[in-house]
Amino acid sequence: MFFTPKGLSFFPESASTIASHVDALYAFLVLTSAFFSLLIAFLVVFFAIKYRKREAPQLPPDTNIAGHGGGLILEIVWTVIPLGLSMIMFVWGASIFFTESRPPADSMEIYVTGKQWMWKIQHMEGAREINELHIPVNRDIRLTMTSEDVIHDFFVPAFRTKADVLPGKYTTEWFRPTKVGQYHIFCAEYCGTKHSGMIGTVFVMDQNDYDAWLAAGSGEGSMAEQGQALFNQLGCGNCHPSVVNNNNGRCPNLHGLFGTTVDIKDQPSVRADESYIRESILYPDAKIVAGYENIMPTFKGLISEEGLLKLVEYIKSLGPTSGTPTGAAPGAVQTTGSEPQTPQQRRMSPQAVQPPTAR
Amino acid sequence: MITAPPPVEVEKNYINAEHGLKSWLLTQDHKLIALLYLISVTAFFFIGGLFAVFIRLQLATPTGAMFDSNTYNKVFTMHGIIMVFFFLIPSIPATLGNFLIPLMVGAKDLAFPRINLLSWYIYIAGGLFTLWVLFNGGVDTGWTFYTPFSSSYSNGYVIAAGLGIFINGFSSILTGLNFIVTIHRMRAPGLTWFRLPLFVWAHYATSVIMILGTPVIAVTLFLLVLERGLHIGFFDPAYGGDPVLFQHLFWFYSHPAVYIMILPSMGVVSEVISTFCSKKPFGYTFIAFSSVAIAVFGFLVWGHHLFVSSQSVYAGMVFSVLSYIVAIPSAIKVFNWTATMYKGSVRLTTPMLYSLGFIGLFTIGGLTGLFLACLGMDVHLTDTYFVIAHFHYVMVGGAIMGYLAGVHFWWPKMFGRMYPEGWSKLSAVIIFVGFNLTFFPQFILGYMGMPRRYAAYPAEFQVLNVLSSAGASILGLGYLIPFVYLIWSLKYGKPAGPNPWGATGLEWQTASPPPTENFEITPVVTTEAYEYSTEEVVHVG
């Protein structure tokens, strides 16, 4: 029909578990919309032709479609039917959204830092890449994302998912790629001059290829190891103990902290997740652990976002849990750790940490 | 040979009552102020339209044919700001609403004529700020001004642009205030609420949104200006702010603002369809109350712009349900308009063609809104061209088609002359075809994953973009034709007479153009609206 058939298609590639669900919902929405659009168009054209008059109207006084008194029934019919259909759409959409919002607990973790105008990716094993994301096929992948500057959005059309990447907080996004191949990464939230250049490629690979790719990666050690080096370099260990049962009373012990619930002075207790740790490093006075004094200096401006992610990963590696579940939009670990846990969060049982040096 | 009704040609009317620039610039006549608005919103429409032309030229090739990305970003920003704040929002209320509401309620003027003039000057002041920004290098934030990009990173004139919109907002508030008071206090004897034309109901609902919503955007932009100018932290995490807070505040106004744009068009369409079917609108009370329902529920759906912004899942669900509920009153209207045509006496005049076009395009715009209200669907579609296509179907296919329907419907009343019927029907058809060719491909582009606000794009999106650009050239032509023949008609058009369409409404009972005081004797209303009797004299088919 068109001059380059190859250049025209109606569906993007479908390469994640969620994609087929989204496509099915889309088909339902398209068919419903097409039905109503055509119905209205048909009626309008039909009435316009059938009842067309060129001269002055000479109408009988009552020509209502419903006759006398039937109007209310019609009004109810065309209120209730759309309402019912739209509630089907709502429930269907919400159920997909719930799946999209809940990363499986044993997802493989990858860290993403957005910055005008590039994507910086850190793998737990230590490999780093820019505007490229290498992942194994048929694995649940969880991205923990933050921005160094403005709001970005990590969008992979082939996976049918996206999430905003915000400065000052961590958001998450997850998917399970089903097809080996290369797919677009787009920044979907307008972020300034080179917004349209903030694009990249997801490489979905066989597990073997992925392992080979990882092995050829950086010689800098795993993220947790790099985090530990940074931890020592910044002198965090001078105050914070990081081995079991070593409490000096001055600063909270970081061993076994991650994923536990922490009592906060004068505030509701919080879950020690990525956002809480980030906040405690940058704004130590925001939440003082009960029983401790406000003596920690801020490290704001001294550590890059990538460095913070390494520290987070190091503290995670001190146990006991990993794979923090999140209860918010595809994206969205709230910085306000004081929010009560959502039922999802509670339902998701913490899984044993994968040793950062496993591979 | 056409003979005009005897008194019209010679009698004094609101246009020839006084002469000279001063009589225009100091007028307190709502009809002249409406014309001042008509001239100014038309000017902004063509400026905004010029930027639309630039956008479609740029996107004809994947690498961007015209501008570097920095310039392109300014182009789409100016297109958005000018079209939304300086054309769409004031378009129908400030021109047709201003002109017609006093006539429709049988009053001599709006309740506060001086404030009415003031609101035009405020609009011009806001507009001049915006034009200053334009001529000094523009602003590149997008019309949404998302923080912290706008507050800390943009290299454009964010403060001036924000102040322009801030100032302009007061014009909107004052217009809304004037309408509400007029509708409450100045109705002619016998004109009860349920005898009011649906156009007036629609404007009442619009005015409520203007008064309640506009202060929020004004405050929000003011906070943005404070953060950008004085580094007071509201939105930028670097100053201790929260960037998503801005989005909540922004959309608290800007989503209801969509209803400011579409409700008046719905009012126009209700009048036009009733007139050209010579029939009382089916379900008058349902249409009237659906306007009010839209105004109320419209304030409760802003969070559907934030489904992927890190908003909580539960907030997302609430906003999703409410977004579906706000769609129902719109569906009710569409069904009622269609039912009105049943066994009507349908005359396919130009305003009727525009109104039927409105029904078709608004239906598609509304139905695609259901895609975006759907949580799991929106995650894929938000910030893509699907959203662009959706809101252009509502705002251009809906609001502008309604505006053109209204302008063509009341043009004979405003100026006492008819425009050439052949040309005007042709333009309606060209606009309908050009519009669909421009924007329908963008739905597909969006589902394919093309993000909005891209100055360049991967080559696989080119075919659909070329189609869209081709459609835009047809659409642009369609908009130029009425501009020419409407101006032509001011001098050469056939005299219209007081009621060329055989419409009911009080505005058709006075001369065309109306005298300065609207009615020689205050009318007394004894019947419901839209009582079409066969004895009425009807011209023009």
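Anything mentioned here points back to the structure above.
A brief look at the structure comes next. What you are looking at is a predicted structure, and each value in this text was computed from that prediction instead of being measured.

### Quick look at unusual backbone geometry
Move 1: Of the consecutive residues Q116 of chain A and W117 of chain A, the connecting peptide bond is found in the cis state with omega at -5°.
Move 2: Residue position: W117 of chain A is located in the loop between β1 (108-115) and β2 (118-123).
Move 3: In this structure, the amide linkage connecting S512 of chain B to the following residue, P513 of chain B, adopts the cis form with an omega of -10°.
Move 4: One non-glycine residue, N138 of chain A, lies in the positive phi region at around 55°.
Move 5: With phi around 70°, N518 of chain B is a residue other than glycine that occupies positive phi space.

### A closer look at the sheet that holds strand β10 (residues 199-205) of chain A
All names here are of chain A.
Move 1: Strand order in the open sheet formed by five strands is β4-β10-β9-β6-β7, and the pairing between neighbours is mixed. Sheet topology places β4 (132-136) and β7 (161-165) at the edges, where each strand pairs with a single neighbour. Sheet twist, expressed as the mean angle between neighbouring strand axes with direction ignored, is 20°.
Move 2: Both strand β6 (residues 152-156) and strand β9 (residues 181-187) contribute to a ladder of two bridges, which runs antiparallel.

### Thoughts on the environment of Q509 of chain B
Move 1: Structurally, the position occupied by Q509 of chain B is in the segment after α15 (462-492).
Move 2: The spatial distance from the C-alpha of Q509 of chain B to the C-alpha of N499 of chain B is 7.0 Å, given a sequence separation of ten residues.

### Re the packing of aromatic side chains
Move 1: As enumerated under the stated definition, the model contains 77 aromatic pairs over all chains in all.
Move 2: Summarising the aromatic geometry, the rings of Y37 of chain B and Y123 of chain B are spaced 5.4 Å apart at their centres and angled 50° between planes, so their arrangement reads as tilted. In this pair, Y37 of chain B sits in helix α2 (residues 30-58) while Y123 of chain B sits in helix α4 (residues 113-135), placing the two residues 86 residues apart along the sequence. Of the two residues, Y37 of chain B and Y123 of chain B, both sit in the buried class.
Move 3: Here the aromatic residues F11 and Y26 of chain A together with F371, F386, Y393, F435, F439, F440, F443 and Y447 of chain B are joined through ring pairs into a cluster of three or more.
Move 4: The cationic tip of R278 of chain A hangs over the ring face of Y170 of chain A; the distance from NZ or CZ to the ring centre is 5.7 Å.
Move 5: In this structure, K280 of chain B packs its charged tip against the face of Y284 of chain B, placed 5.1 Å from the ring centre.

### A closer look at the pairing of β2 of chain A
In the case of a regular strand, side chains alternate between the two sheet surfaces.
Residue and element names in this part refer to chain A.
Move 1: Of all six residues in β2, five are buried, a share of seventy percent or more.
Move 2: Count of turn residues in the β1/β2 antiparallel hairpin: two residues.
Move 3: Pairing geometry for β2 and strand β3 (residues 128-130), over three bridges, is antiparallel. Each residue of the ladder has a partner; that of Q122, found in β3, is R128.
Move 4: Remark: four residues form the turn of the hairpin made by β2 and β3, two consecutive strands paired antiparallel; G126 in that turn has positive phi of roughly 115°.

### Quick look at empty space enclosed by the protein
Residues and elements named next belong to chain B.
Move 1: Scanning all chains against the criterion turns up six cavities of 30 Å³ or more.
Move 2: Its volume calculated, the second largest cavity comes out at about 90 Å³.
Move 3: The wall of the second largest cavity is formed by Y37, F85, I89, P90, P93, A94, Y123, N168, S171, S172, T175 and M210.
Move 4: The element contributing the most residues to the lining of the second largest cavity is helix α3 (residues 69-104), with five residues.

### Structural notes on the state of the cysteines
Residue and element names in this part refer to chain A.
Move 1: All told, the structure shown has one disulfide over all chains when counted by the stated rule.
Move 2: Across the disulfide from C239 sits C251; the S-S distance is 1.8 Å. Measuring the twist about the S-S bond at about 50°, one finds the C239-C251 disulfide to be right-handed. Of the two residues, C239 sits in the loop between α4 (223-233) and β11 (261-264) while C251 sits in the loop between α4 and β11, which places them twelve residues apart along the sequence.
Move 3: On the basis of relative accessible area, C251 is assigned to the buried category, the value being 6%.
Move 4: C187 takes part in no disulfide bond, and the closest cysteine sulfur to it belongs to C191, at a distance of 3.9 Å.

### Concerning the side chain of E507 of chain B
Move 1: Along the polypeptide, E507 of chain B turns up in the segment after α15.
Move 2: An unpaired buried charge is present at E507 of chain B: no salt bridge exists, and K413 of chain B, the closest side chain of opposite charge, is 7.8 Å distant.

### A closer look at the interface of chain B and chain A
Move 1: Facing 89 residues of chain B, the contacting portion of chain A comprises 97 residues.
Move 2: Where chain B abuts chain A, roughly 7900 Å² becomes buried across the two surfaces, and 70% of that area is made up of carbon and sulfur atoms.
Move 3: The largest share of the area that chain B buries against chain A comes from F282, F335 and Y447 of chain B, three residues that together contribute 9% of it.
Move 4: Across the contact surface, chain B and chain A share zero salt bridges.
Move 5: Where chain B meets chain A, there are 19 residue pairs in polar contact (both at pLDDT 80 or more).
Move 6: Among the secondary structure elements, those contributing two or more residues to the side of chain B that touches chain A are α3, α5 (149-153), α8 (243-277), α10 (313-341), α11 (350-373), α12 (375-381), α14 (421-448) and α15 of chain B.
Move 7: Sort the elements by how many residues they give to the side of chain B that touches chain A and α10 of chain B lands first, with 14 residues.
Move 8: Counted by class, the side of chain B that touches chain A contains 53 nonpolar, 27 polar and nine charged residues.

Reading the values: the criteria
- Position labels on residues start from 1 in each chain and follow its written sequence.
- Here the convention is simple: chains get letters from A, ligands get numbers from 1, in the order in which they are written.
- Whole-chain, interface and lining totals are the exception, using all residues; otherwise, since this is a predicted model, local features are given only for residues with pLDDT of at least 70 and side-chain atom pairs are given and counted only at 80 or more.
- No hydrogens and no water enter the side-chain calculation; it runs on all heavy atoms of the structure.
- Secondary structure elements follow DSSP: runs of H or I no shorter than four residues count as helices, runs of E no shorter than two count as strands, and numbering proceeds from the N terminus.
- Here the rule is simple: two strands pair whenever DSSP picks up at least two bridges between them.
- The convention used is that axes are lines fitted to C-alpha atoms, helices contributing only their stretch in contact, and that angles between N-to-C directions extend from 0 to 180 degrees.
- Two rings belonging to Phe, Tyr or Trp (six-membered ring only in the last case) form a pair when the distance between their centres is within 6.5 Å. Interplanar angles under 30 degrees mark stacking, angles over 60 mark edge-to-face geometry, and anything in between is tilted.
- Note on classification: 1.4 Å probe, protein chains only; a residue is buried when its accessible area is under 20% of the maximum for its type, exposed when over 50%, partly exposed between these limits.
- Put simply, a charge is over a ring when the Lys NZ or the Arg CZ is close to the ring centre, within 6 Å, and near the line of the ring normal, within 35 degrees.
- Lining residues are defined by having an atom within 4 Å of a point belonging to a cavity or pocket. Those points lie on a 1 Å grid over the protein atoms alone, cavities being sets where a 1.4 Å probe fits but cannot get out and pockets being open sets with protein on both sides within 12 Å along at least five of seven lines.
- Grid points are joined across faces, edges and corners, and a volume is the space filled by probe spheres set on the points.
- To count as a disulfide, a pair of cysteine sulfur atoms needs to be within 2.5 Å.
- Here the positive residues are Lys and Arg and the negative ones are Asp and Glu; neither His nor the chain ends is included.
- Salt bridges, as used here, are contacts in which a Lys or Arg side-chain nitrogen is within 4 Å of a carboxyl oxygen on Asp or Glu.
- Every residue pair with non-hydrogen atoms within 4.5 Å of one another is taken to be in contact.
- Accessible area, probed at 1.4 Å, shrinks when two parts are joined; the buried area is that loss added up over both.
- Polar contacts, as used here, are pairs of N or O atoms within 3.5 Å; protein pairs need one atom able to donate a hydrogen and one able to accept it. Residues neighboring in sequence count only if both atoms are side-chain atoms.
- Any residue that is not Ala, Val, Leu, Ile, Met, Phe, Trp, Tyr, Cys, Pro, Asp, Glu, Lys or Arg is counted as polar, Gly included; the first ten are nonpolar and the last four charged.

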